[in-house]
Amino acid sequence: MNTEAVLQQISDQHDGELFIEDGKVSSGMGSFFHYLQYYLRIPHNNATIHIFYDNGISATVNFNIEIDNLFNVSEFQLETISHFTKLILFKKYNWKVTCKDLYLNREIEKLLQKHTLDQLILNTGFEPNMKGLLTKTAYKIHTVYSLTFEPNVTSMYPIVEFHKELIDILKERYKRF
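In this report, the structure presented in the accompanying data block is examined. Bear in mind the structure is a predicted one, so any value in this text is a computation, not a measurement. (Residues numbered from 1 in each chain as written. Predicted model: local features only at pLDDT ≥ 70, side-chain atom pairs only at ≥ 80, totals over all residues. Heavy atoms only, no water.)

1. Here's the deal with the packing of aromatic side chains
Throughout the structure, instances matching the rule amount to five aromatic pairs. With a centroid separation of 5.0 Å and an interplanar angle of 75°, the aromatic rings of Phe 126 and Tyr 145 are classed as edge-to-face. Of the two residues, Phe 126 is situated in the loop between helix H4 (117–123) and strand S7 (129–134) and Tyr 145 in strand S8 (residues 139–146); the sequence distance between them amounts to 19 residues. No difference in accessibility class separates Phe 126 from Tyr 145, as the two residues are buried. Here Tyr 145 and Phe 149 contribute two aromatic rings whose centre-to-centre distance is 6.1 Å and whose plane-to-plane angle is 55°, an arrangement assigned as tilted. On the accessibility criterion, Tyr 145 (2% relative accessible area) is buried. (Phe/Tyr/Trp six-rings, centres within 6.5 Å; stacked < 30°, edge-to-face > 60°. Helix = DSSP H or I, 4+ residues; strand = E, 2+ residues; numbered from the N terminus. Buried < 20%, exposed > 50% of the residue type's maximum accessible area, 1.4 Å probe, protein only.)

Here's what the structure looks like:
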């Protein structure tokens, strides 16, 4: 499926904005490397999901979200476990959520399953690295993953929905009055 068409459809569905950069960068010795980079902004629940889809230079997708006015939120990290490690350690899942807050930990695990991201991790090369960090001014969520798996562009639908619901959970449970 066409990357630009999928990202435009996601943008339209979520009242977002899509920006496209089509360019060339010198790769040395007079040759050039063509790249396509997409930047998508999706507003949701008084936050903005910033998505940088680099289909060229780094072949990665980055999600960045800042949520203001949250109180007492624990930081979290989601990491994937390689198939080899899973076999050696007899792990049930190919991913691991680390968070001191058991409620948030459980909710993230539920969202992974609800949006079938657990199946993407299990059946493809989808290996997201996700962190939730508390700063002095906001709670920041950063997700990055490589585009070296199929179906990398159509998987954007459940990944966007995952992030939207995560925002909703954080806002509902940890909102500062």
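2. Points about helix H5 (residues 156–174)
Compared with an ideal rise of 1.5 Å per residue, which puts 19 residues at 27 Å, H5 spans 27 Å between its outermost C-alpha atoms and is within 8% of the ideal. Restricting attention to buried positions, one finds in H5 the residues Met 156, Ile 159, Val 160, Phe 162, His 163, Lys 164, Leu 166, Ile 167, Ile 169, Leu 170, Lys 171 and Tyr 174. (Expected span 1.5 Å × (residues − 1).)

3. Describing helix H3 (residues 102–114)
Under the 1.5 Å per step criterion, the end-to-end length of H3 is 18 Å for 13 residues, consistent within 8% with the ideal 18 Å. Buried within H3 are the following residues: Tyr 103, Leu 104, Asn 105, Glu 107, Ile 108, Leu 111 and Leu 112. Elements in contact with the buried residues of H3: strand S5 (76–80), strand S6 (95–99), H4, S8 and H5. A distance of 2.9 Å separates the backbone nitrogen of Tyr 103 from a side-chain oxygen at the start of H3, and that oxygen is part of Asp 101. The first or second residue beyond H3 is Thr 116, which carries a positive phi of 55°. (Contact = heavy atoms within 4.5 Å. Polar contact = N/O pair within 3.5 Å; in protein donor to acceptor, adjacent residues only side chain to side chain.)

4. Notes on the sheet that holds strand S1 (residues 17–28)
In space, the eight strands of this open sheet follow the order S1-S2-S3-S4-S8-S7-S5-S6, with antiparallel pairing throughout. At either end of the open sheet lies a strand with only one pairing partner, and these are S1 and S6. This sheet shows a mean twist of 15° between the axes of neighbouring strands, independent of strand direction. Sheet strands in contact with helix H1 (residues 3–13) are S1, strand S2 (31–44) and strand S3 (47–54), and its direction is about 15° off that of S2. Contacting S2, S3, strand S4 (60–67), S5, S7 and S8, H5 crosses the sheet at an angle of about 20° to S4. (Pairing = 2+ DSSP bridges. Axes fitted to C-alpha atoms, helices over the stretch in contact; angles between N-to-C directions.)

5. Concerning the pairing of S3
Pairing geometry for S2 and S3, over eight bridges, is antiparallel. Looking at the pairing, Ile 42 lines up with Ile 49 of S3. A loop of two residues connects S2 with S3, the two strands running antiparallel in sequence, and Asn 45 in this loop sits at a positive phi of about 50°. In this sheet, S4 lies alongside S3 in antiparallel orientation, the contact comprising seven bridges. Bridging across to S4, His 50 finds its partner in Asn 64. Joining the antiparallel neighbours S3 and S4 is a turn of five residues, in which Ala 59 adopts a positive phi near 55°.

6. Side note on unusual backbone geometry
A cis amide bond links Glu 150 to the next residue, Pro 151, at an omega of 5°. Inspection of the secondary structure puts Pro 151 in the loop between S8 and H5. If you check the backbone angles, Ala 59 has positive phi at about 55° while not being a glycine. As for its placement among the helices and strands, Ala 59 is situated in the loop between S3 and S4. Look at Asn 72: it is not a glycine, yet its phi comes out positive at around 60°.

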